[in-house]
Amino acid sequence: MWQIVSKFATAFSTFVILGFISHVYGEGGTGVFTLAFTYLGFFYLAVDLGLNAYFLPKINENDNEDAANSLFNARLMWSLVLIVFANLLALFLPFVDNNFRLLVLIGSITITTNSILSSCNLIFQYNLKYEYSLAGVTLGAIFNLVIITFLS
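Criteria and thresholds
Residues numbered from 1 in each chain as written. Predicted model: local features only at pLDDT ≥ 70, side-chain atom pairs only at ≥ 80, totals over all residues. Heavy atoms only, no water. Buried < 20%, exposed > 50% of the residue type's maximum accessible area, 1.4 Å probe, protein only. Helix = DSSP H or I, 4+ residues; strand = E, 2+ residues; numbered from the N terminus. Arc of directions from axis to C-beta. Contact = heavy atoms within 4.5 Å. Polar contact = N/O pair within 3.5 Å; in protein donor to acceptor, adjacent residues only side chain to side chain. Phe/Tyr/Trp six-rings, centres within 6.5 Å; stacked < 30°, edge-to-face > 60°. Expected span 1.5 Å × (residues − 1).

**Section: helix H4 (residues 98–107)**
Within H4, burial applies to Phe100, Val104 and Gly107. End-on, the buried residues of H4 take up no more than an arc of 75°, which puts them together on one face. Seen from the open side of H4, the exposed residues pointing more than 90 degrees away from its buried face are Asn98 and Ile106. Those residues of H4 hidden inside the fold are in contact with helix H1 (2–48), helix H3 (66–92) and helix H5 (109–126). For H4, the side-chain oxygen to backbone nitrogen distance between the N-cap and Asn99 is 3.2 Å, and the N-cap itself is Asp97.

Next comes the structure, spelled out in C-alpha cells:
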C-alpha cells in the first residue's frame with residue numbers, strides 16, 4: 001500500500017511540476033528542464049552503484065551497523081565528487097546552453113540528497129521498515145509540489 005501511495009504521489013507531483021514548467025517556460029524550457037534532470041539521473045545511478053544489495057547481507061551476517069555508516073560516509077563524499085564532475089562536464093557538452101548549465105548547477109545538489117536517501121534505504125531495509133523510506137519520498141514529492149506552486 002505504501003509503495004502505491006508513494007508512486008502515485010511522486011508521479012502526480014512530477015506531472016503537475018512539469019505542467020507548471022511548460023506553462024511558464026514553454027516547450028523549449030520544458031525540454032531544457034527535462035534534459036538537465038535526465039542528465040543528473042546518470043549521476044544518481046553513479047552515487048548509488050547498487051551497493052545496498054552488497055552491504056545488506058554483510059550487515060545481517062555480522063550484525064555490524066558500522067558498515068552502513070561507512071557506506072553513508074563514502075556515498076556522501078562520492079556525491080560531492082560527482083557534483084563537481086557533473087558541473088564540469090556540463091561546461092563541455094556541445095549541445096547545451098546556459099539555462100541547462102544553471103539547472104545542472106542547482107539540481108546537482110540533489111545528487112547528495114539522493115545519496116542520503118539510498119543510504120537511509122539500507123537502514124530501512126535492514127530494520128524491515130521500508131515504509132519509512134516511502135513516506136519520506138511521498139513527503140518530498142508533496143514538498144516539491146508546494147515549492148514549485150509558490151515559485152510559479
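**Overview of unusual backbone geometry**
Although it is not a glycine, Leu49 sits at a positive phi angle of roughly 55°. Along the chain, Leu49 turns up in the loop between H1 and helix H2 (51–62).

**Some details on the side chain of Ser108**
Along the chain, Ser108 falls in the loop between H4 and H5. Dropping the residues within four chain positions of it, Ser108 is found in contact with Leu40, Ile83, Asn87 and Leu103.

**Here we look at the packing of aromatic side chains**
Tallied over the full model, the rule gives 6 aromatic pairs. Where Phe43 meets Phe85, the ring centres are 6.1 Å apart and the plane angle is 65°; that geometry is what we call edge-to-face. Residue Phe43 is found in helix H1, and its partner Phe85 is found in helix H3; the two are separated by 42 residues along the sequence.

**Re H3**
Along its 27 residues, H3 runs 39 Å from first to last C-alpha, staying within 8% of the 39 Å computed at 1.5 Å per residue. Along H3, the residues classified as buried are Ala67, Ala68, Leu71, Arg75, Ser79, Leu82, Ile83, Ala86, Asn87 and Ala90.

So, to be careful, I would describe these as geometric facts and stop short of saying anything about function.
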